[in-house]
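Understanding the architecture of this molecule
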2 protein chains.
Amino acid sequence: MVVTSRDVARLAGVSQPTVSRALRDDIRVSEQTKQRVREAAQLLGYIPSEAGRALSSGRTRRIGMLLTDLDSQFYSHIIAPVHRELERLGYQLMLHTETADNDTIVERLLANGLDGVILATTTIDSAAPLRLRDRGLPFVYFNRTGSLVDADATVVDAAPGYREAVRAAVDLGHRNVAAVLGPSNTSTAQHREQALRAALGEHGIVLDERLVRRVPYSSAAGEIAARELLESAGEPAPTLVFCGNDVVAYGALNAAHRLGLRVPDDLSVVGFDDLPEAAWPIIDLATVGFDIAGMASASANLVVRRIERPGDELERAVFASSFHLRRTLGPAR
Amino acid sequence: MVVTSRDVARLAGVSQPTVSRALRDDIRVSEQTKQRVREAAQLLGYIPSEAGRALSSGRTRRIGMLLTDLDSQFYSHIIAPVHRELERLGYQLMLHTETADNDTIVERLLANGLDGVILATTTIDSAAPLRLRDRGLPFVYFNRTGSLVDADATVVDAAPGYREAVRAAVDLGHRNVAAVLGPSNTSTAQHREQALRAALGEHGIVLDERLVRRVPYSSAAGEIAARELLESAGEPAPTLVFCGNDVVAYGALNAAHRLGLRVPDDLSVVGFDDLPEAAWPIIDLATVGFDIAGMASASANLVVRRIERPGDELERAVFASSFHLRRTLGPAR
């Protein structure tokens, strides 16, 4: 038998709308009536249906997270803390993969009755933020910014971390430097390149465009690009590769291994993100890190605030970066 | 302005229930009427609300996946293929973390109006399957079985993989073997231990209980247990550690590194799962593998079949295992 709000209403001696108001803790219902309704609901084992609740309140308390690559090591470390923080705030996370075109994605997000969306892989040129704005669905940028629409965002300031990293590299004798950066239509890749070039510039080092690759943030892409770069680089060969993120750096380490290059004796590698695996002794990746869990939590809080207090000013939560010197950065050959 | 089914009904010249039936492709509505309703809906930019659809059909087309550890490397490789296959079947995946007790979890799953659940970390002694059965919510076991309630399940047959692994190890001279296994209240850990002991037994090797640890499936737990085991083991020291899964094996590799043991010269390590990272040159973990993506897809199909054809016989999809010989298994010292 399915217990309905009608049954609860009958037992509590109130109207059906009063049942849902009481269970929503609506101020229009007296404490005494709320108590009676709760007792009746508990006695009957009544579970308020989410669908019914959504229809009456217009809220589903569900937040979508839009990602392209669910199996990236980066996102597996993001999903858990975002999920936990949203749960703490009384919301549920729904993952959405960006497989279709922008219009279809936005229609699907809307059809799912989400209260808000976290954009975690959206590129600079994506029209999705425009569509979301037009349809009135609140959203925040996670670890990125958009160029077409402004919104709440969490971002990293890569400058301090890269300054430390470049200083350490220069102290170790590196001057001939290569880079396997992220895709150029992402704000992260653009910003990191800028910060890296600025830090190198402080030591009079210019990143030669022939020693730069721009690839998707995956270890497979990082491996292919690093291998091609190292094989095609003339003399003197680069002694250090800066990678767009740790996942790309894992690929560069794999490429070095396959080419018979010892790390760091023949080649140094520096990542970005400081994922938990980067600190493992068997990987021990030198990398620029920031507070990933803090960013996850901040993004969850920003989207909830945007939903609950839509009039608040836009906020950009900026996370500082710092460098972690580890085994993969050694003296230049 | 929010367009409702009432607006679509008015424009199409049909009743409101006909609109929802037409958009659900109900056979009671003529093709001609469906066409008219679809055109009207498109013209007005009408998005059928999921909440409304759920109330009228009793289906949400949402499937929950119950996990304890969202940030485990294993689950990050599972979530993406399950998500993709469910999407292909017209369902959406909602992740749920098992933080509360069984009753609360089940109530929450029910309140979310899920059509079905994939149990991905449930232990043998968990009462959650009992509660789900009592409340009539369809579910399947992912990479496990339950002892209290039978249900559709996907499982690995660890025997062939362990037979190959043990044969390779014995050929390399290993006889003094240790094991860092998974938690004893999981069907995977119990089954793998049985298969490992049987395979060792074929070569007259008995796994000494003093050289066995049972830990949660995490690299941190694997590292602590492997370190303690290696430090406390008497002479002759074990030359090989079988690990409950790859994630635990990463921990064992880290422990060996911290103890100054060279792998495989001083110590060999064998994992289970063959995660993508295990094949990376920088990790190169010898491991027993199976078709992880196939299991993910099969689990998605099983839960959908259970929802759509509840009368079908229970199915257990068994995946074969095989051994991948890699660098971390070398000749015994």
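Residues numbered from 1 in each chain as written. Chains lettered and ligands numbered in written order. Predicted model: local features only at pLDDT ≥ 70, side-chain atom pairs only at ≥ 80, totals over all residues. Heavy atoms only, no water.

Comments concerning the overall build of chain A
- The secondary structure content of chain A amounts to twelve helices and twelve strands.
- Whereas a compact globule of 333 residues would reach a radius of gyration of roughly 20 Å, chain A reaches 25 Å, over 25% beyond that.
- Principal-axis analysis of the C-alpha atoms gives chain A an extent of 85 × 40 × 30 Å.
- Long-range pairs, those at least 24 residues apart, make up 72% of the contacts in chain A with a sequence separation of at least 6.
- When the accessible surface of chain A is split by element, carbon and sulfur atoms take 51% of a total near 13700 Å².
- Taking the average location of the 37 positive side-chain charges in chain A and that of its 42 negative ones, the two points are 6 Å from each other. (Helix = DSSP H or I, 4+ residues; strand = E, 2+ residues; numbered from the N terminus. Rg over C-alpha atoms; globule rule 2.2 N^0.38 Å. Contact = heavy atoms within 4.5 Å. Areas by Shrake-Rupley, 256 points an atom, 1.4 Å probe, with all protein chains shown as cover. Lys, Arg positive; Asp, Glu negative; His and termini not counted. Charge placed at Lys NZ, Arg CZ, Asp CG, Glu CD.)

Digging into the side chain of R306(B)
- On the secondary structure map, R306(B) appears in helix α12 (residues 292–308).
- Apart from residues lying up to four places away in sequence, R306(B) is in contact with P138(B), D152(B), G311(B), D312(B), E313(B) and L314(B).

Considering the packing of aromatic side chains
- Within this structure, the stated rule accounts for twelve aromatic pairs over all chains.
- Considering the side-chain rings of F74(A) and Y75(A), the 5.0 Å spacing of their centres and the 85° angle between planes classify their relative orientation as edge-to-face.
- Here F74(A) falls in the buried class, since its relative accessible area comes to 4%.
- We classify Y75(A) as buried; its relative accessible area is 6%.
- Centre to centre, the rings of Y162(B) and F272(B) are 5.6 Å apart; their planes meet at 45°, and the pair counts as tilted. (Phe/Tyr/Trp six-rings, centres within 6.5 Å; stacked < 30°, edge-to-face > 60°. Buried < 20%, exposed > 50% of the residue type's maximum accessible area, 1.4 Å probe, protein only.)

Thoughts on helix α7 (residues 128–135) of chain A
Residues and elements named next belong to chain A.
- By the burial criterion, the buried members of α7 are A128, P129 and L132. Each buried residue of α7 sits inside an arc of 95° when the element is viewed along its axis, so together they form one side.
- Phi turns positive, to about 75°, at G136, one or two residues after α7. (Arc of directions from axis to C-beta.)

Concerning a nonpolar patch on the surface
- Nonpolar side chains collect at one region of the surface, where L11(A), L43(A) and L44(A) lie side by side and expose about 300 Å² of accessible area between them.
- Tracing the chain through its elements places L11(A) in helix α1 (residues 5–12). (Patch = residues over 30% accessible without salt bridge, like charges linked within 9 Å, V, L, I, M, F, W, Y side chains within 5 Å. Salt bridge = Lys/Arg side-chain N within 4 Å of Asp/Glu carboxyl O.)

Re the domain arrangement of chain A
All names here are of chain A.
- As assigned here, chain A comprises domain 1 (5–57), domain 2 (62–156 + 292–318) and domain 3 (157–290).
- Summing both sides of the interface, domain 2 and domain 3 together bury roughly 1400 Å²; the carbon and sulfur share of this comes to 61%.
- Area buried by domain 2 at its contact with domain 3 is led by I124, V156 and I292, which between them contribute 41% of it.
- Our count for the domain 2 to domain 3 interface comes out at six residue pairs in polar contact (both at pLDDT 80 or more).
- At the level of elements, α5 (73–88), β5 (152–157) and α12 (292–308) are the ones that each hand at least two residues to the side of domain 2 that touches domain 3.
- Of the residues forming the side of domain 2 that touches domain 3, the biggest block, three residues, is contributed by α5. (Domains from an automatic or database assignment. Buried area = accessible area lost by both parts, 1.4 Å probe. Polar contact = N/O pair within 3.5 Å; in protein donor to acceptor, adjacent residues only side chain to side chain.)

Points about the sheet that holds strand β10 (residues 286–289) of chain B
Residue and element names in this part refer to chain B.
- Spatial strand order, β7-β6-β8-β9-β10-β12: six strands in an open sheet with mixed pairing. In the strand order of this sheet, the two ends are held by β7 (212–214) and β12 (322–324), each with one partner. Here the strands of the sheet are splayed against their neighbours by 20° on average, with no regard to which way each runs.
- Direction of pairing for strand β6 (residues 177–181) relative to β7: parallel, over a ladder of three bridges. Within the sheet, the bridge partner assigned to V180 lies in β7 and is R213. (Pairing = 2+ DSSP bridges. Axes fitted to C-alpha atoms, helices over the stretch in contact; angles between N-to-C directions.)

Let's talk about the pairing of strand β9 (residues 268–273) of chain A
Residues and elements named next belong to chain A.
- Among the six residues in β9, six count as buried, and that is most of the element.
- With three bridges connecting them, strand β8 (residues 240–243) and β9 associate as parallel partners. From the neighbouring strand, F242 faces β9, where its bridge partner is V270.
- Crossover β8 to β9 through helix α11 (residues 246–258) is right-handed. (Right-handed = clockwise from strand over helix to strand, strands pointing away.)

Re the packing of helix α8 (residues 159–171) of chain A against helix α9 (residues 187–201) of chain A
Residues and elements named next belong to chain A.
- In contact at an axis separation of 9 Å, α8 and α9 are set at 40° when each is read in the N-to-C sense. Looking at the two axes, α8 sits oblique to α9. Here α8 and α9 pass one another in a crossing that is right-handed. Mapping the contact onto sequence places A159, Y162, R163 and V166 in α8 and R192, A195, L196, A199 and L200 in α9.
- Split by residue class, the contact of α8 with α9 holds seven nonpolar, no polar and two charged. (Parallel < 35°, antiparallel > 145°, perpendicular 65-115°, else oblique. Left-handed = near helix turned anticlockwise from the far one by under 90°. Nonpolar A, V, L, I, M, F, W, Y, C, P; charged D, E, K, R; others polar.)

Focus on the nonpolar core
- Core analysis: the biggest nonpolar cluster contains 172 residues, and F242(A) and F242(B) have the highest contact counts within it.
- Dropping the residues within four chain positions of it, F242(A) is found in contact with Y162(A), A165(A), V166(A), V177(A), A178(A), A179(A), V180(A), L196(A), L200(A) and V270(A). (Core = buried A, V, L, I, M, F, W, Y, C linked by side-chain atoms within 4.5 Å.)

Digging into the packing of helix α8 (residues 158–171) of chain B against helix α9 (residues 187–201) of chain B
Residue and element names in this part refer to chain B.
- The N-to-C vectors of α8 and α9 enclose an angle of 40°; their axes lie 8 Å apart at closest approach. In terms of axis orientation, α8 runs oblique to α9. Seen from above, α8 lies across α9 with right-handed handedness. Counting all contacts with α8, which are made through A158, A159, Y162, R163 and V166, the residues of α9 involved are H191, R192, A195, L196, A199 and L200.

Some details on the pairing of strand β2 (residues 92–97) of chain A
All names here are of chain A.
- Among the six residues of β2, six are classified as buried, and the element is accordingly described as predominantly covered.
- Of the two faces of β2, the one carrying Q92, M94 and H96 and the one carrying L93, L95 and T97 are both buried.
- As judged from the six bridges shared by strand β1 (residues 62–67) and β2, these two strands associate in the parallel manner. Its bridge partner lying in β2, R62 is registered against Q92.

A short note on helix α3 (residues 31–44) of chain A
Residue and element names in this part refer to chain A.
- With 14 residues, α3 extends 20 Å from end C-alpha to end C-alpha; this agrees with the ideal 20 Å at 1.5 Å per step.
- By the burial criterion, the buried members of α3 are T33, K34, V37, A40 and A41. Angularly, the buried residues of α3 cover 130° about the axis, an arc narrow enough to put them on a single face. Facing away from the buried surface of α3 by more than 90 degrees, the exposed residues are E31, Q32, Q42 and L43.
- The secondary structure elements touched by the buried residues of α3 are α1 and α2 (16–23). (Expected span 1.5 Å × (residues − 1).)

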